[in-house]
Amino acid sequence: MHRFFALLALVFAVLASPAHAECTGGSGERGVALLIGISDYETPEDSKGWSKLPNAVNDIDYVCDEFLRAGYKVFPLRDPTWEQLDLAIADFHAAALDAPSAIVYYAGHGFEFNGRQYIVPVDAPRTTRRNQLRSRFIPLQNVLDAASSAQEFSLFFMDACRTRDPVISIEDADRDGDGSAPGTIGLFTVPRGAVIFSTVAGRPAYDDAPAGAPQSPFAAAVARNMAVPQLELGDFYENLHHDVVDLTKAMMPNGPQYPALYKVAPAKFYLVETLTEDTVSPRAEATPAPTVEGTPVPVTRGAESPALDLPSMERLAVEDGPVLIGEILKKNTLETLTQGAAAGDPVAQYVLGYIYQHGTGAKPDKAKARHWFEQSAAQDHPLGQTALAYFLDREEQGQAERVLALYEAAAAKGFAKAQSQLGYALWYGTLGAKDRDRAISLFEQASASGHVFATYALAQYAPDKAELAEGRLRKIAAAGNAEGDNWLCELYYVKRKAASVVNHCEAAALAGYPAARAIWAGMLARGEGVERDDKQAQYWARLALTELDPVTRKELYDYTAKKIL
């Protein structure tokens with residue numbers, strides 16, 4: 001009977017909010033999603049309650065529509081009491097058993113005590129005792145157990161550090177004289193899944209940014225990137241991280257908010273999948289099938305190119321990766337990009353090649369990737385030439401001669417990305433020829449154009465130009481580009497002098513660079529240029545190891561995590 005009345009109260013609470021009534025249900029084809037937002041925390045007369053979070057409920061309503069569109073069955077909870085939350089978690093657990101994936105999005109207060117994490121219902125007290133924790137708060141493990149019952153994957157969005165208020169007061173916290181005290185939510189593990197935290201330890205998570213915004217920057221970024229299908233979890237996170245930092249970089253005095261991804265095992269998961277293999281118009285599909293021999297294909301031109309919103313060549317010459325492609329996909333549909341490529345736009349052809357090569361924004365298709373790179377390169381376009389060279393070098397055997405020729409052609413046009421790639425190949429002889437003097441010259445040219453890795457390479461490989469290159473990296477970092485911080489940190493790590501760039505290592509770690517996070521963890525563990533902090537060292541080492549590629553992970557393991565974990 002008690003459970004019946006709790007359910008009835010929950011039903012009436014939902015019905016009482018007509019503006020949100022439509023955001024329920026969903027097909028469940030992709031999985032189930034439990035969305036918890038708690039804004040209206042009860043404040044007692046002595047005002048010693050939990051601070052209100054105006055946007056927490058707004059956030060789950062904002063992301064709810066995206067989960068519905070993506071094919072999830074949603075379970076929204078707005079300002080739930082302990083009883084309502086406990087009941088909903090049990091129902092969510094039952095639903096997750098038959099679902100391919102389970103998502104939890106939590107916006108509210110939370111804390112950690114004695115190695116256990118808790119989330120805070122709307123009616124929870126601010127002061128309690130040890131024996132009341134489970135009856136006043138919800139153990140996070142209960143939610144994790146529910147989500148982990150899904151058949152394939154579970155993902156947790158944790159947004160629980162929006163105020164700098166002291167965490168809960170536990171009157172008998174130090175009952176055993178061991179110094180036990182509550183703290184903020186720390187890292188936690190999702191079996192067969194991952195967690196995206198709205199911010200790293202010690203940094204703010206804003207309820208609104210800019211001030212007065214109707215959603216938190218974290219929710220805005222989640223929704224924005226869910227609008228782009230077929231982003232693998234790592235790419236989704238990179239784009240989300242970039243957007244949150246961009247939304248909060250002007251927030252003073254605390255500065256940007258830095259999300260974090262944590263997983264304990266490799267995971268390939270798409271939060272939003274494409275419903276069909278392609279969504280293009282018949283006119284765009286008129287492009288002939290790709291040829292895969294080693295010779296360039298003729299340029300195919302279709303109808304007039306649609307209006308596309310693409311980055312400048314200056315940016316494309318020095319930037320790359322899933323964040324740039326994510327930005328393009330937020331401004332252009334796959335259909336319009338395909339139409340533009342079919343009409344002969346070499347940049348659109350490059351973008352499509354990248355999309356199909358990496359499976360970012362569409363299902364991977366190596367044949368289509370090569371076709372579009374060939375089309376762009378056939379127009380003597382340096383972007384297409386560079387991308388095709390990179391593709392052939394990594395995807396096919398016996399193409400060294402052509403790869404070298406493509407890099408040479410693009411580098412001759414002053415294309416910084418090609419100059420950097422060619423310089424690397426000539427330095428190490430990866431394409432047969434080795435010419436280190438020319439490699440340095442190419443790095444110098446690319447660095448002058450703003451290519452950050454080339455600037456690092458110049459500092460690393462050319463001692464007589466190290467001062468110039470390091471000065472450029474410092475200017476890049478001072479301008480707010482954390483890639484400059486990252487390469488300065490790695491440069492001095494190689495020299496075993498990372499303590500001299502401690503601020504750059506910390507900035508790069510905050511910005512999400514895995515290698516910098518590993519280096520920063522090692523510095524914290526040894527007190528190298530910074531006060532020793534074993535707890536923080538473990539935190540950053542775990543974050544680093546969740547994202548490092550296998551080669552870098554092995555290289556840095558002895559320097560950092562082996563001594564820490």
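What counts and what doesn't
Residues numbered from 1 in each chain as written. Predicted model: local features only at pLDDT ≥ 70, side-chain atom pairs only at ≥ 80, totals over all residues. Heavy atoms only, no water. Buried < 20%, exposed > 50% of the residue type's maximum accessible area, 1.4 Å probe, protein only. Helix = DSSP H or I, 4+ residues; strand = E, 2+ residues; numbered from the N terminus. Contact = heavy atoms within 4.5 Å. Disulfide = S-S within 2.5 Å. Axes fitted to C-alpha atoms, helices over the stretch in contact; angles between N-to-C directions. Parallel < 35°, antiparallel > 145°, perpendicular 65-115°, else oblique. Left-handed = near helix turned anticlockwise from the far one by under 90°. Nonpolar A, V, L, I, M, F, W, Y, C, P; charged D, E, K, R; others polar. Pairing = 2+ DSSP bridges.

A. Local environment of helix α9 (residues 322–331). Most of α9 sits inside the fold, with 7 of its 10 residues counted as buried. All buried positions along α9 are accounted for by Pro322, Leu324, Ile325, Gly326, Glu327, Ile328 and Leu329. Considering only its buried residues, α9 is in contact with α7 (233–248), α8 (313–316), α10 (334–342) and α11 (346–358).

B. Spatial organisation of the state of the cysteines. Applying the stated criterion to the full structure yields 2 disulfides. A sulfur-sulfur separation of 1.7 Å characterises the disulfide bridge that pairs Cys23 with Cys64. Sign of the S-S torsion, about -125° for the bond between Cys23 and Cys64, identifies this disulfide as left-handed. Here the residue Cys23 occupies a position in the loop between α1 (2–15) and β1 (31–37), and Cys64 occupies one in helix α2 (residues 56–69), the gap between them amounting to 41 residues. For Cys23, a relative accessible area of 3% translates into the label buried. Across the disulfide from Cys489 sits Cys505; the S-S distance is 2.1 Å.

C. Broad picture of the packing of helix α20 (residues 502–510) against helix α21 (residues 514–526). At a minimum axis distance of 8 Å, the contact between α20 and α21 shows a crossing angle of 130°. One element, α20, and the other, α21, form an angle in the oblique class. Considering how the two elements wind past one another, α20 and α21 form a crossing that is left-handed. Note on element contacts: α21 touches α20 through Ala516, Arg517, Ile519, Trp520 and Met523, opposite Val502, Cys505, Glu506, Ala508, Ala509 and Leu510. Residue classes in the contact of α20 with α21 are distributed as 9 nonpolar, no polar and 2 charged.

D. Up close: the pairing of strand β4 (residues 110–113). With 4 bridges joining them, β4 and strand β5 (residues 116–119) adopt antiparallel strand pairing. Its bridge partner being in β5, Glu112 is matched across the sheet by Gln117. Hairpin connection of β4 to β5: 2 residues between the antiparallel strands, including Asn114 at a positive phi of 50°.

E. Spatial organisation of the pairing of strand β10 (residues 193–197). The buried fraction of β10 amounts to 5 of the 5 residues, a majority that puts the element mostly inside the structure. The two faces of β10 match: Gly193, Val195 and Phe197 on one face and Ala194 and Ile196 on the other face are all buried. In this structure, strand β8 (residues 153–159) lies alongside β10, joined through 5 bridges in parallel fashion. Note on β10: the bridge partner recorded for Phe156 is Val195. Relative to strand β11 (residues 260–263), β10 runs antiparallel, the two being bridged by 4 bridges. Bridge pairing in β11 places Val195 opposite Tyr262.

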